[in-house]
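These are the residues of each chain, in order.
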Amino acid sequence: MSRHYILGYGSLISSQSRAKTGETGRVWPVKLHGYERSWAVMSKALGMSSVAVLKAEHKACNGVLIEVAEDQFPLFDEREQGYQRSQIAQHQLQPYHDEPLPEGTYWVYHAEEVVAPCPVYPIVLSYVDVILAGCLEHGEHFVRDFVELTQGWQSPSVNDRPTPIYPRAQTELSTEQINPWLAPVSTLTLHELTLSYDS
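Below you will find a few notes about this structure. Within any chain, residue numbers begin from 1 and follow the written order of that chain's sequence. Owing to the predicted nature of the model, reporting of local features is limited to residues with pLDDT of at least 70; listing and counting of side-chain atom pairs is limited to 80 or more, with chain, interface and lining totals taken over all residues. Excluded from the side-chain calculations are hydrogens and water; all other atoms, namely the structure's heavy atoms, are used.

1. Points about the environment of Leu12
Let me state the cut-off plainly: A run of DSSP states H or I qualifies as a helix once it reaches four residues; a run of E qualifies as a strand once it reaches two. Both are numbered from the N-terminal end. In this scheme, a residue with accessible area under 20% of its type's maximum is buried, one over 50% is exposed, and one in between is partly exposed, where area comes from a 1.4 Å probe on protein chains only.
Checked against the element boundaries, Leu12 lands in the loop between β1 (4-8) and α1 (15-19). Given a relative accessible area of 5%, Leu12 falls into the buried group. In this structure the C-alpha to C-alpha distance between Leu12 and Ile66, which are 54 residues apart in sequence, comes to 8.7 Å.

2. With respect to the pattern of salt bridges
Quick note on the threshold: In the sections that follow, a salt bridge refers to a side-chain nitrogen of Lys or Arg positioned within 4 Å of a carboxyl oxygen of Asp or Glu.
This model, assessed by the stated rule, comprises seven salt bridges. For Lys31, the salt bridge identified is with Asp145, shortest N-O distance 3.6 Å. Residue Lys31 is located in strand β2 (residues 27-43), and its partner Asp145 is located in helix α4 (residues 140-148); the two are separated by 114 residues in the primary sequence. The class for Lys31 is partly exposed, based on a relative accessible area of 23%. Between Glu80 and Arg79 there is a salt bridge, and its shortest N-O distance comes to 3.6 Å. Each member of the pair, Glu80 as well as Arg79, carries the same accessibility label: buried.

3. Comments concerning the layout of surface pockets
Which entries qualify depends on this criterion: A 1.4 Å probe that fits into a set of points on a 1 Å grid over the protein atoms alone but cannot get out defines a cavity; an open set with protein on both sides within 12 Å along at least five of seven lines defines a pocket, and lining residues are those with an atom within 4 Å of a point. Grid points are joined across faces, edges and corners, and a volume is the space filled by probe spheres set on the points. Gly falls in the polar group here, along with every residue not listed as nonpolar (Ala, Val, Leu, Ile, Met, Phe, Trp, Tyr, Cys, Pro) or charged (Asp, Glu, Lys, Arg).
The volume enclosed by the largest pocket comes to roughly 350 Å³. The wall of the largest pocket is formed by 23 residues, among which Ser50, Arg79, Glu80, Tyr83 and Arg168 lie closest to the centre. Looking at the lining of the largest pocket, the elements that each hand over two or more residues are β1, β2, β3 (48-67) and α2 (73-79). Looking at the lining of the largest pocket, its residues break down into 13 nonpolar, six polar and four charged.

Next up, the structure:
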């Protein structure tokens, strides 16, 4: 039986976020070579930007390799509407730990072009928080790589935590853990970042 794996490089890094879509198995933190991650307008319906990867030689981004049963793929394909799902090769993946990667077929959801975020479709913190909380599951080094290996942080951003725009927002997250990672790269001021979720 063939085993399948999806490379999650945005909100799918978060175990809680993955669970809202379908059943998944083990994950392996990895770097994906041959792709670059950017902030991009992927769905005008949401009124926000998302992260997307594009094929790019000599570039890389980090993410998690997620075991997904074949019957769960329709659920993830629906979640990643607007992206294309393509196969990637094992040699493009560099694990964070010494453990060898599993054998199987690897997939990534990618874009064909990047439409830069704008004031109408900004970067929203309710989405960034889910990603960075997911990155923290794999340690600070992993978070640092996410921030450094993502293009477009200079794009318009909105702190929507009091009224989250992102449909899978996690309003119980500790924003004090996340803000120090955002402060150096976000266009928001330190004061704007202090606004938190209304619990």
